[in-house]
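Observations on chain architecture
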Amino acid sequence: MKKKLVGVLLSVAMLGTMLSGCGGKDDSKASSDNAGSTKTDNADDSSEDNTDDTADDAGTDDGDAADMTIEIVSKGFQHQYWQSVLKGAELKAEELGVKINFVGPNSESDIADQVQMLTNAINAAPDAIALAALDTDACMDAISQAQSSNIPIIGFDSGVPGAPEGAIFANAATDNYNAGALAAEESYKAAIKDRIANASGPVRIGVMGQDATSESIIGRGLGFIDKMIELAEADGKSVSVEGNDKYVSDSKGETQDGADIVIEVVVPASVTNELSAVDCQTLLNKPDIIAIYGSNQHSGDAMVTGDENLNKFGTGDDQVIGIAFDSGTVIKDAVRSGKFIGAITQAPVAMGEAVVELCVKAAKGEDVSDVDTGCQWYTADNIDDDEIAQNLY
C-alpha cells in the first residue's frame, strides 16, 4: 500500500511538471508576439512547426516587413515632384505593409533644416533611411551616426555623393547625366542644329541650374553641356563654356575666345523663383541667345515666370528655344502651347516605389544595387501618350 501511494504521488508530480512546462512555453510565445516578430523568432517558430525552408523564408520576409519603419528625408516638399515621389512611396509601403515617415524642408536651400530632419530620423531608430541630400558635407555627422547605429541608408533622386564608404547601400534615381544628354540630343535635332547653321554670327545657349551642389542638378547640367559640345563639334563648330565655375570646370569644354557657340551657365544666389526668373530675363535679353535649358522644375517654372512680359520663348525663327526638365502644371502647359519645344520627365512615382523596396531589402540584410528609374523626352505631340502621361505629375 505504501509503495502504491508513493507511485501515485510520483505520477502526480510528473504530470504537474509537464503541465507547468507547457504553460511556460505558451506564455513565452505570446510575449514574443506582443513584442513584434523578428527574423530569429519567425525562424524558431517555423522550426518548431517542422515547416520546410521555403515556407520559413516567406514567413520571415512578411514578418520583418510588417514591423518595419522607414524614414524618408527628401530635398523638398513644396514641388509637385516630391509629392509624386511620396505617392509612390506610400503605394509601395502599403503593398509591403511597412510604415514610412516622409519629410522635406520647405525650400531646397534650407540645408540646415534638412540636416535636422535627418538627425530626427536617426533618433527615431528606424529600420532604414532614404535620403536625397541637399549638401552631403552638411550631412556627414548625421550619416556617420547612422552608420554607427547600423541603420542602412538608401539614396534617391540626387543621392548622397561623397558619403563615407559603405554608408549608402544603393541609390534609386534617374541617370541624371544621361537624362541631360537626352535633352540636348533631342532639342539639337529638333531645332538647335538648324538655328546654329543659319546664324550669321556666334550664338548663345543658356543653361539654368537651380544650384551647384546637388548631384542631380549638376549631372543634368553637365550631361546637357557635354552632349551639346559633342554635337556642335561634330558639325564643325567651336564651343566656349562660361558662367558658374563648378559647371565650367567639370564640363568637357573650356572657356575660349571667338567660339561659334557660347554655353552660359547661370545659378541663383539662393533658390527662389524670383532670382531664377531674373536670371532667365538676363539671358533672354542677350541678342545672341537662341536657346535656354532649365535643369529641373524650379528652373523650368522660373523660365516661364521670367518670360511673362517678354514673350520670347517659342518655335519661331526669331524666338528662343525653351527646353525643360521635369513636369508640373507650368512646364506641361508651356510644352503644350509650344512655348517650350520639349522637356525631360523622370518617373517620380516609380522612384518612390523603388526607394521603399530598396530600404526594406537593405533592412533585411539582402544585397541591393542602384536602380535607374528612367526618363523620357516629351513634346506637344506625345505628351498625352499613355507611356509619357503616366510619368507626368
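Fair warning: this is a prediction, and the values are worked out from it, not measured in the lab.

1. Quick look at the overall build of the protein
Scanning the protein from N- to C-terminus turns up 14 helices and 13 strands. Counting only residues that meet the buried cut, the protein has 49% of its 393 residues in that class. Contacts in the protein between residues at least 24 apart in sequence constitute 70% of all its contacts with a sequence separation of at least 6. Accessible area of the protein: about 18300 Å², with a carbon and sulfur share of 47%.

2. So, the pattern of salt bridges
Tallied over the entire structure, the rule returns 14 salt bridges. Across the salt bridge formed by Glu186 and Lys189, the nearest N and O atoms sit 3.4 Å from each other. Of this pair, Glu186 and Lys189 both sit in helix H7 (residues 176–198), separated by three residues, roughly a single helical turn. Accessibility expressed as a relative area gives 59% for Lys189, which makes it exposed. Across the pair Lys193 and Asp235 runs a salt bridge whose closest N-O atoms are separated by 2.8 Å. With a gap of 42 residues between them, Lys193 in helix H7 and Asp235 in the loop between helix H8 (215–234) and strand S7 (239–243) connect regions that are remote in the sequence.

3. Details of the nonpolar core
Ile192, Phe224 and Ile323 are the most contacted members of the largest nonpolar core, which totals 35 residues. A per-element tally of this core places H8 first, with nine residues. Counting residues in each nonpolar core, the second largest holds 29 residues, with Val85, Phe102, Ala170 and Val368 among its members.

4. Observations concerning the packing of helix H11 (residues 297–306) against helix H12 (residues 329–337)
A packed helix pair is summarised by two numbers, namely the angle formed by the two axes and the spacing between the axes. The interhelical angle for the contact between H11 and H12, taken along N-to-C directions, is 55°, at an axis separation of 9 Å. The angle between the axes of H11 and H12 places the two elements in the oblique class. For the pair H11 and H12, the sense of crossing is left-handed. Facing Gln297, Gly300, Asp301 and Val304 of H11, the residues of H12 in contact are Val330, Ile331 and Ala334. Looking at the contact of H11 with H12 residue by residue, the classes come out as four nonpolar, two polar and one charged.

5. Focus on the packing of aromatic side chains
This model, assessed by the stated rule, comprises six aromatic pairs. For the pair Phe77 and Phe102, a centre-to-centre distance of 6.0 Å together with 55° between the ring planes defines the contact as tilted. Here Phe77, found in the loop between strand S1 (69–73) and helix H4 (80–96), pairs with Phe102, found in strand S2 (residues 99–103); they are 25 residues apart in sequence, far enough to count as distant. Residue class for Phe102 comes out buried when judged on its relative accessible area of 10%. When the centroid spacing of 4.1 Å and the interplanar angle of 10° are considered together, the rings of Phe224 and Tyr293 count as stacked. Highlighted residues: Phe224 in helix H8 and Tyr293 in strand S9 (residues 289–294), separated in sequence by 69 residues. Overall, Phe224 belongs to the buried group, its relative accessible area being 0%. According to the relative accessible area criterion, Tyr293 is buried, its value standing at 0%. What links up through ring pairs into an aromatic cluster is the set Tyr81, Trp82, Phe156 and Tyr393.

6. Here we look at the confidence of the model for the protein
Close inspection of predicted coordinates is inappropriate for parts of the model with low pLDDT. Counting all residues, the mean pLDDT for the protein is 86, and 84% of those residues have values of 70 or more. Residue range residues 1–63 is modelled with pLDDT below 50. Its contacts to residues more than four positions away, or to other chains, number 20 contacts.

7. A few points about the layout of surface pockets
For the largest pocket, the calculated volume is near 340 Å³. Among the secondary structure elements, those contributing two or more residues to the lining of the largest pocket are H7 and S9. Broken down by element, the lining of the largest pocket gets its largest block of residues, five residues, from H7. When its residues are assigned to classes, the lining of the largest pocket shows twelve nonpolar, six polar and six charged. Computed from the structure, the second largest pocket encloses a volume of approximately 260 Å³.

8. A word on empty space enclosed by the protein
By the definition in use, this model includes one cavity of 30 Å³ or more. The space that makes up the largest cavity amounts to roughly 90 Å³. Lining the largest cavity are 13 residues, and of these Trp82, Glu108, Arg220, Asn296 and Asp326 sit closest to its centre. Among the elements of the structure, H4 and H8 are those that each provide at least two residues to the lining of the largest cavity. Sort the elements by how many residues they give to the lining of the largest cavity and H8 lands first, with three residues. Counted by class, the lining of the largest cavity contains three nonpolar, five polar and five charged residues.

9. Some points on the sheet that holds strand S12 (residues 371–372)
Strand order in the open sheet made by the six strands is S2-S1-S3-S4-S5-S12, with parallel pairing throughout. Here the strands that pair on one side only, and so sit at the sheet edges, are S2 and S12. Examined bridge by bridge, strand S5 (residues 168–173) and S12 share two bridges and lie parallel to one another. In the sheet register, Ala173 faces S12, and the bridge partner there is Asp372.

10. A closer look at the sheet that holds strand S6 (residues 203–208)
If you trace the seven strands from one edge of the open sheet to the other, you get S7-S8-S6-S9-S10-S11-S13, paired in mixed fashion. Strand pairing shows two members of the sheet lacking a second neighbour, S7 and strand S13 (375–378), which therefore form its edges. Here the average twist between neighbouring strands, direction ignored, is 15°. Pairing of S6 with S9 involves five bridges; the strand directions are parallel. From the neighbouring strand, Ile205 faces S9, where its bridge partner is Ala291.

Conventions and cut-offs
Numbers given for residues are sequential positions, taken from 1 along each chain in its written order. With pLDDT at 70 or above as the cut-off, local features in this predicted model cover only qualifying residues; side-chain atom pairs require 80 or more to be listed or tallied, and sums for whole chains, interfaces and linings still use all residues. Only hydrogens and water are removed before side-chain values are computed, so all heavy atoms of the structure are retained for them. What counts as a helix is a DSSP run of H or I of at least four residues, what counts as a strand is a run of E of at least two, and both are numbered from the N terminus. Only protein chains enter the accessibility calculation, which uses a 1.4 Å probe. A residue is then buried if its area is under 20% of the maximum for its type, exposed if over 50%, and partly exposed in between. Contact definition: two residues touch when any of their heavy atoms are within 4.5 Å. Areas reported here follow the Shrake-Rupley algorithm with a probe of radius 1.4 Å; residue values treat only the protein chains shown as occluding. In the sections that follow, a salt bridge refers to a side-chain nitrogen of Lys or Arg positioned within 4 Å of a carboxyl oxygen of Asp or Glu. Each nonpolar core is a collection of buried residues, namely Ala, Val, Leu, Ile, Met, Phe, Trp, Tyr and Cys, held together in the definition by side-chain atoms within 4.5 Å. Angles shown run from 0 to 180 degrees and are taken between the N-to-C directions of axes, each axis being a line fitted to C-alpha atoms and, for helices, limited to the stretch in contact. Between 65 and 115 degrees an angle is taken as roughly perpendicular, under 35 as roughly parallel, over 145 as roughly antiparallel, and anywhere else as oblique. Crossings are classed by handedness, with left-handed meaning an anticlockwise turn of the near helix from the far one by less than a right angle and right-handed meaning a clockwise turn. Polar here means any residue outside two lists: the nonpolar Ala, Val, Leu, Ile, Met, Phe, Trp, Tyr, Cys and Pro, and the charged Asp, Glu, Lys and Arg; Gly therefore counts as polar. What counts as a ring pair is set by centres within 6.5 Å for rings of Phe, Tyr and Trp (its six-membered ring), and what kind of pair is set by the plane angle: stacked under 30 degrees, edge-to-face over 60, tilted for all other angles. Each residue carries a pLDDT value, the predictor's own confidence for that position, ranging from 0 to 100. Method remark: on a 1 Å grid restricted to protein atoms, a set of points is classed as a cavity if a 1.4 Å probe fits but cannot get out and as a pocket if it is open with protein on both sides within 12 Å along at least five of seven lines; lining residues have an atom within 4 Å of a point. Grid points are joined across faces, edges and corners, and a volume is the space filled by probe spheres set on the points. Here, a strand pair is defined by DSSP locating no fewer than two bridges between the strands.

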